[in-house]
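An overview of the molecular structure
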Amino acid sequence: MIDIVLLAGRIALVVLLYIFLLFAIKTGIGLVRSGSKTKKGTLTIVVTQGPSTLIGTVMPLTSALVIGRASGTDIFINDAMVSSQHARITPVPQGAILEDLNSTNGTFLNGLKVTIPQTLAVGDQITIGTVVLEVSQQ
């Protein structure tokens, strides 16, 4: 009699294990699918004007980008009008935020000087010194 109870318990345990694995795989597939949807809408920063070595540079906006003349910046611009850490672009769920980092000559968004953090949209143009960056979407 005890053998039958142990056998039933083992069968129940195996069935529960398979059900658990089924739900775990289903959830994992859902996470992978939803992750690929968000990557299609990733904002990018494209250099459209400036030194020939920079034109055409594309930077996906997956984390904050610091723009400046210092060697450790994400977008290095060797221009006397650019501060060492001139501006920062930070991705947020709604898009991206542009901040001027107290630069000497200012950061311009669509021709207007940035004095407070500004929300970026696709097609916006950022001017830093002689370099123009454009916001686009992959």
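Predicted model only: the values in this text are computed from it and were never measured.

Sheet architecture is open: five strands sit in the order S4-S3-S5-S6-S9, paired in mixed fashion. Edge positions in the sheet fall to strand S4 (75–76) and strand S9 (118–120), since each has one partner strand and no second. One ladder, built from three bridges, connects strand S6 (residues 95–100) with S9; its direction is antiparallel. From the neighbouring strand, Leu98 faces S9, where its bridge partner is Gln118.

As a further point, take the environment of Gly95. Checked against the element boundaries, Gly95 lands in strand S6. When the C-alpha positions of Gly95 and Val47 are compared, they lie 18 Å apart, and in sequence the two are 48 residues distant. Filtering out sequence-adjacent residues up to four positions away, Gly95 remains in contact with Leu43 and Thr90.

We now examine the pairing of strand S1 (residues 43–49). S1 sits mainly inside the fold: five of its seven residues count as buried. In terms of strand pairing, S1 meets strand S2 (residues 58–60) through three bridges, oriented antiparallel. Within S2, the position partnered with Thr44 by the bridge is Pro60.

On to the nonpolar core. In terms of nonpolar packing, the biggest core is built from 22 residues, with Ile89 and Ile126 touching the most fellow members. Put simply, the parts of the chain that give this core at least two residues each are S1, strand S3 (65–68), strand S5 (87–92), S6, strand S10 (125–128) and strand S11 (131–137). Not counting residues up to four positions away in its chain, the partners in contact with Ile89 are Ile45, Leu61, Ser63, Ala64, Leu65, Ile67, Ala96, Ile97, Leu98, Leu120 and Ile126.

What counts and how
- Residues numbered from 1 in each chain as written.
- Predicted model: local features only at pLDDT ≥ 70, side-chain atom pairs only at ≥ 80, totals over all residues.
- Heavy atoms only, no water.
- Pairing = 2+ DSSP bridges.
- Helix = DSSP H or I, 4+ residues; strand = E, 2+ residues; numbered from the N terminus.
- Contact = heavy atoms within 4.5 Å.
- Buried < 20%, exposed > 50% of the residue type's maximum accessible area, 1.4 Å probe, protein only.
- Core = buried A, V, L, I, M, F, W, Y, C linked by side-chain atoms within 4.5 Å.

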